[in-house]
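# Analysis of the macromolecular model
Chain by chain, the residues run as shown.
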Amino acid sequence: MKTDFFKEVHKLGHDDEWRYHLLIRGLRKIQEEKQNQGFFKRLERRLVRKYKKIEISAWK
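Residues numbered from 1 in each chain as written. Predicted model: local features only at pLDDT ≥ 70, side-chain atom pairs only at ≥ 80, totals over all residues. Heavy atoms only, no water.

## Observations regarding the overall build of the protein chain
Rules: Helix and strand assignments follow DSSP, with helices taken as H or I runs no shorter than four residues and strands as E runs no shorter than two, numbered in order from the N terminus. The globule rule used here is 2.2 Å times the number of residues to the 0.38 power, and the radius of gyration it is set against is calculated over C-alpha atoms.
Regarding its fold elements, the protein chain presents 3 helices and 0 strands. For the protein chain, the α and β elements follow one another from N to C terminus as α-α-α. Here the protein chain has a C-alpha radius of gyration of 17 Å; the compact-globule value for 60 residues is 10 Å, and the former is much larger. By principal-axis analysis of the C-alpha atoms, the protein chain measures approximately 45 × 40 × 15 Å.

Shown next, in the form of C-alpha cells:
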C-alpha cells in the first residue's frame, strides 16, 4: 500500500489540491495500521530501533 500510495501522490502536481488530500488520507491510514498492531509488535519495533547495531566499514 505504501509504495502505491506514494506513486499516486508523485503523479499529481504540486498545485493540485487532491495531492494534499491523498497525503493526509495516506498518513491517517498508516497511523491506524500502527495503532492496530499488537503490543509485542510495537515493543519489537521500539527495541529494534533502540538497540540497532551500527556497523562501521572501512573507507575505500
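And the narrative resumes.
## Things to note about helix 2 (residues 17-36)
Quick note on the threshold: For a helix, the expected span equals 1.5 Å multiplied by the residue count minus one. Partly exposed residues are those whose accessible area sits between 20% and 50% of the maximum for their type, while under 20% is buried and over 50% is exposed, using a 1.4 Å probe and protein chains only. For this quantity, the arc is that covered by the directions from the helix axis to the C-beta atoms.
Helix length check: helix 2, at 20 residues, gives a terminal C-alpha distance of 29 Å against a target of 28 Å (1.5 Å per residue), a fit within 8%. Listed in full, the buried residues belonging to helix 2 are Arg-19, Gly-26 and Ile-30. All buried residues of helix 2 fall inside an arc of 35° around its axis, so they share one side. Helix 2 presents Glu-17, Trp-18, Arg-25, Arg-28, Gln-35 and Asn-36 as exposed residues on the side facing more than 90 degrees away from its buried surface.

## Observations regarding the environment of Trp-18
Considering the arrangement of structural elements, one finds Trp-18 in helix 2. By relative accessible area, which is 55% here, Trp-18 ends up exposed.

## Some points on a positive patch on the surface
Test applied: Patch membership requires over 30% relative accessible area and the absence of a salt bridge. Like charges are linked within 9 Å, and nonpolar side chains (Val, Leu, Ile, Met, Phe, Trp, Tyr) within 5 Å. Reported accessibility uses the Shrake-Rupley method at a 1.4 Å probe radius. Residues are deemed covered only where the shown protein chains occlude them. Any Lys or Arg side-chain nitrogen found within 4 Å of a carboxyl oxygen on Asp or Glu counts as a salt bridge. In this charge count, Lys and Arg are treated as positive and Asp and Glu as negative; neither His nor the chain ends contribute. Every charge is mapped onto a representative atom, which is NZ of Lys, CZ of Arg, CG of Asp or CD of Glu.
A cluster of like positive charges, contributed by Lys-34, Lys-41, Arg-42, Arg-45, Arg-46 and Arg-49, occupies part of the molecular surface. For the positive patch, the leading source of residues is helix 3 (residues 39-50), giving 5 residues. Summarising the element assignment, Arg-49 is placed in helix 3. Residue classification places Arg-49 among the exposed positions, given a relative accessible area of 59%.

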